[in-house]
Amino acid sequence: ESIPTFEPSLENLKNNTQHISFSNKNIEIKTAFIKKQTLGDYVYFSLSNKFGNTLLNTKYRDNCSLLGIVPALGGTNYSREELDKIMKKYEATYSLNFNSISLKVKKEYFIETLNILFDVLKNPSFDELEFESIKKSNINSLESNLSNQNVLNSEFLIKKITPYDINSPLFKLSSKETLEV
């Protein structure tokens, strides 16, 4: 028996894409989910974020990217230890970046695990010293980028390929620009 594959034609993508918008006060989140069969016992989920709009100062938009680390700190309803225990129980793993979360979890625990991670994002628990340590680590990383030719070349290329205005939420600050704000 052959394994069914997802046909990536434009028509099939249109027919299998579900668009959902979430609104909360002045924030609107637009999503697109592609429905396709999950093979195996696990679901793989990835969430990437772009922060800001033309009214949001670049300084604050970039600081929002630190929210990606919130699940690593735990929340008001789930401590870091409780979160780790739940992830182990559900055979789930997640990785965090400054603007994305990736999750691998057994199918039967997907919705519950996702709800827990979203709860932690909505109800963060910031240990001030730990958060300051993370900010300092981020600054140190940005400062080391200033002497890394590969990073500088990459940032230069990004500016040339995607020449967005500084007021655009798609504008990407270089390491130097990030340190200046």
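Above: the structure in question.
Definitions and cut-offs
- Residues numbered from 1 in each chain as written.
- Predicted model: local features only at pLDDT ≥ 70, side-chain atom pairs only at ≥ 80, totals over all residues.
- Heavy atoms only, no water.
- Helix = DSSP H or I, 4+ residues; strand = E, 2+ residues; numbered from the N terminus.
- Areas by Shrake-Rupley, 256 points an atom, 1.4 Å probe, with all protein chains shown as cover.
- Core = buried A, V, L, I, M, F, W, Y, C linked by side-chain atoms within 4.5 Å.
- Buried < 20%, exposed > 50% of the residue type's maximum accessible area, 1.4 Å probe, protein only.
- Contact = heavy atoms within 4.5 Å.
- Phe/Tyr/Trp six-rings, centres within 6.5 Å; stacked < 30°, edge-to-face > 60°.
- Lys NZ or Arg CZ within 6 Å of the ring centre and 35° of its normal.
- Salt bridge = Lys/Arg side-chain N within 4 Å of Asp/Glu carboxyl O.
- Polar contact = N/O pair within 3.5 Å; in protein donor to acceptor, adjacent residues only side chain to side chain.

Peer 1: Report on the overall build of the protein chain, specifying residues and quantitative values.
Peer 2: Along the backbone of the protein chain there are 8 helices and 5 strands. For the protein chain, the N- to C-terminal ordering of α and β elements is α-β-β-β-α-α-α-β-β-α-α-α-α. Carbon together with sulfur atoms contributes 52% to the accessible area of the protein chain, which is approximately 13,100 Å² in total.

Peer 1: For the nonpolar core, give the residues involved together with the corresponding values.
Peer 2: Counting residues in each nonpolar core, the largest one holds 15 residues, and the members touching the most others are Leu-83, Tyr-90, Ala-92, Leu-103, Val-105, Phe-110 and Leu-117. Of all the secondary-structure elements, those providing two or more residues to this core are strand 3 (42–48), helix 4 (80–89), strand 5 (100–106) and helix 5 (110–122). Per element, the largest residue contribution to this core is 5 residues, and it comes from helix 5. Apart from the residues within four sequence positions on either side, Leu-103 is in contact with Val-43, Tyr-44, Phe-45, Ala-92, Thr-93, Tyr-94, Phe-110, Thr-113, Leu-114 and Leu-117.

Peer 1: Now, about the packing of aromatic side chains: what can you tell me, with residues and values included?
Peer 2: Under the counting rule described, the total for this entry stands at 2 aromatic pairs. Here Tyr-90 and Tyr-109 contribute two aromatic rings whose centre-to-centre distance is 4.4 Å and whose plane-to-plane angle is 10 degrees, an arrangement assigned as stacked. One end of the pair, Tyr-90, is in the loop between helix 4 and strand 4 (93–96); the other, Tyr-109, is in the loop between strand 5 and helix 5, with 19 residues separating them in the sequence. Among the residues examined, Tyr-90 registers a relative accessible area of 6% and is labelled buried. Residue placement shows Lys-104 over the ring face of Tyr-42; its charged tip is 4.7 Å from the ring centre.

Peer 1: So what's going on with the pattern of salt bridges? Which residues, and what values?
Peer 2: Counting across every chain of the model gives 2 salt bridges. Its salt-bridge partner being Glu-132, residue Lys-135 comes within 3.2 Å of it at the nearest N-O pair. With Lys-135 and Glu-132 both in helix 6 (residues 128–145), this residue pair falls 3 residues apart, about one helical turn. The exposure class of Glu-132 is partly exposed, given its relative accessible area of 38%.

Peer 1: Help me get a handle on unusual backbone geometry, residues and values and all.
Peer 2: The backbone of Glu-91 shows a phi angle near 55 degrees, a positive value even though the residue is not glycine. Mapped onto the secondary structure, Glu-91 falls in the loop between helix 4 and strand 4.

Peer 1: Go over the side chain of Asn-145, please, and point to the residues and values.
Peer 2: Within the element layout of this structure, Asn-145 appears in helix 6. Exposure remark for Asn-145: the relative accessible area of 17% places this residue in the buried category. Engagement of the side chain of Asn-145 in a polar contact is seen with the side chain of Ser-175, the distance being 3.0 Å. With residues up to four places along the chain from it excluded, the contact list for Asn-145 reads Val-151, Leu-152 and Ser-175.

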